[in-house]
Amino acid sequence: MRNLLRTSIAALALMTAFPAFAVENVVWWDFLSGGDGVRMKALIQRFNDEHKDKIQITGTTLEWGIPYYTKLQTSAAVGQGPDIATYHLSRLAGAVAAKTISPIDPKELEAVGLKDGDYPPNAIAASTVDNVRYAVPFDVHGEVLYYNKTVLKDLGALGNDGKPTGIDTLEGWRAVLAKAKEAGKNGVVISSSNGDLRDIYTLFGQEGGQLTADGKFLQGDNFDKMEKAYNEVAEWVKQGWAQPYIDTETITPTFIAGQSAFFLNGNWELPTMETEVAKGNGFDYGMVNIPAWMGKPANWSDSHSFVIPNNVGKTMTPEKRAAVLEVIRWMNVNSLEWAAAGHIPAYLPVSTSAAYKALKPQADYAAMALNAFYMPKTPLTGAASKFDDDWQNMASGPLNGEGDVKETLEKFREHMNSQ
């Protein structure tokens, strides 16, 4: 690794100082569709335009989720994977176990100007497995609180600054939800049909909970903390403040319909909100960080990151590695455009810049990145994971009034620990 580091740094310096004799082609895979895909393709085009005589990215977008990760694993195993790929940090442990990705020496990143101190500490921690660095965070995305300004104003719960009032404590939050119900409105829209894992996990994190310990799920008082978090969200449904049986495809249209005070979902729905505002039908919304209702600040979070696949039997040249590192550097430095998708740039010089602070509502929930509560480093958890699927299938009942919370969680814990 040290020899490769020295040669890759030297190659990068050479590429920067002199015109290259041949353009270095970097094969890129991602899983970004919709608005994310449009923005990433625009970034790739900008990169290619600025590096015409040195580096060109050849990008391919594959199907999100299991199909993407399976194809990347199988392709890397036979030396046919890309030079760089996007990856959820929450799935990193599984990629390391499968030997799908290669280590990245932090000194390589420092040599191109990317210091660990330029990223949120939680994101850097999530980029390592067994104290080895495998990824470079590109953003932090996670659960935030959307609100309808018109509804809150009618409820007397909108401040002069255009932000919610009275919801900083759990008691205040409940009171506003109850007031919304009395006024004939929905209190909060959540993905109840699917078990609302992200919101329950957020509250669990606010209690200081840890999903795994010594490789086992919900050990000791972590079970009690999860039960408390689950019961809190279940109470919202029980009291009629949140509706049962709403799935992830329905929650956003339900909030946009304009009859709900609040909406808990990932910050990636911002473009959808902006599209609705542009229609000119009076829809007026805002987004803020989720208050620390259960104790300390924490938000369910994940990150899109960049990894270098471990293409078995195919050695990456120092020139190619230098080109890949330049791609990673450039994407981070130019990630302000990515913020338009709702994601918070992980690169702090961007997310703390005056330009980012001028973005609204993005700047209003920027603290989420520093409160990021990632899933634990286990192959069973992460984006499109077995844990997510089994939670939805096994643990969502009590949230919709079917079954006992404690009994359900005990069965779910037993199931996960038998894997």
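Position numbers for residues start from 1 in each chain and track the written sequence from start to end. Selection of residues for local features in this predicted model requires a pLDDT of at least 70, selection of side-chain atom pairs for listing and counting requires 80 or more, and totals for whole chains, interfaces and linings are taken over all residues. Heavy atoms throughout the structure, all of them, feed into the side-chain values; hydrogens and water do not.

Looking up the chain in an unreviewed UniProt entry gives the name Multiple sugar transport system substrate-binding protein, with the organism given as Rhizobium hainanense. UniProt positions are given in the numbering used here, feature names are shortened, and annotations may be inferred rather than shown by experiment. Note on the chain: under the UniProt heading Sequence similarities (unreviewed entry), the record states "Belongs to the bacterial solute-binding protein 1 family." The UniProt entry for the chain carries this comment under Subcellular location (unreviewed entry): "Periplasm".

A. Quick peek at the packing of aromatic side chains. In summary, the pairing rule links any two rings of Phe, Tyr or Trp, Trp by its six-membered ring, whose centres are within 6.5 Å, and it sorts them by plane angle into stacked for under 30 degrees, edge-to-face for over 60 and tilted for everything else. Applying the stated criterion across every chain yields a total of 27 aromatic pairs. Ring centres 5.1 Å apart and planes at 40 degrees place the aromatic pair Y146 and F263 in the tilted group. Pair noted here: Y146 is in strand β7 (residues 139-148) and F263 is in strand β11 (residues 260-266), with a separation of 117 residues, a long-range link. Partly exposed describes any residue whose relative accessible area lies between the buried limit of under 20% and the exposed limit of over 50%, with all areas from a 1.4 Å probe on protein chains only and scaled to the type maximum. You can call Y146 buried: its relative accessible area is 0%. Put simply, DSSP marks the helices as runs of H or I at least four residues long and the strands as runs of E at least two long, and each gets a number from the N terminus on.

B. Seen up close, the pairing of strand β14 (residues 304-307). Residues H304 and F306 of β14 are buried on one face, and the alternating residues S305 and V307, pointing to the opposite face, are buried as well. Taken together, the four bridges between strand β3 (residues 84-88) and β14 define a ladder with antiparallel strand orientation. Within β14, the residue paired with H88 across the bridge is H304. Should DSSP find at least two bridges between two strands, the strands are taken to pair. Here strand β6 (residues 136-137) pairs with β14 via two bridges, running antiparallel. Counted as the bridge partner of V136 is F306 from β14.

C. Structural detail: the packing of helix α9 (residues 197-206) against helix α10 (residues 221-238). Note on geometry: axes are C-alpha line fits, over the in-contact stretch for helices, and angles between N-to-C directions span 0 to 180 degrees. Relative to each other, α9 and α10 sit at 130 degrees, their axes nearing to 8 Å. Taken together, the axes of α9 and α10 are oblique relative to one another. For the crossing formed where α9 meets α10, the hand is right-handed. Side by side, α9 and α10 meet where I200, L203 and F204 of the first sit next to N222, K225, M226, A229, Y230, E232, V233 and W236 of the second. Under this grouping Gly is polar, as are all residues other than the nonpolar Ala, Val, Leu, Ile, Met, Phe, Trp, Tyr, Cys and Pro and the charged Asp, Glu, Lys and Arg. Broken down by class, the residue content of the contact of α9 with α10 amounts to eight nonpolar, one polar and two charged. Put simply, angles under 35 degrees are roughly parallel, angles over 145 are roughly antiparallel, angles from 65 to 115 are roughly perpendicular, and the rest are oblique. In this scheme the handedness of a crossing depends on how the near helix is turned from the far one: anticlockwise by less than a right angle means left-handed, clockwise means right-handed. In what follows, residue pairs with any heavy atoms lying within 4.5 Å of each other are defined as contacts.

D. Helix α8 (residues 170-182), seen in detail. Given a helix with a known number of residues, its expected span is that number minus one, times 1.5 Å. The terminal C-alpha atoms of α8, which comprises 13 residues, lie 18 Å apart, in line with the 18 Å expected from a rise of 1.5 Å per residue. Every buried residue belonging to α8 is among L170, G172, W173, V176, L177 and A180, and all of these are buried. What you see down the axis of α8 is that its buried residues fit within an arc of 170 degrees, all on one side. Looking at α8, the residues exposed on the side facing more than 90 degrees away from the buried face are E171 and E182. Contacts made by the buried residues of α8 are with β7, α7 (149-155), β8 (186-189), α10 and β11. Positioned one or two residues after α8, G184 has a phi angle of 80 degrees, which is positive. Throughout, the arc means the angular range of directions from the helix axis out to the C-beta atoms.

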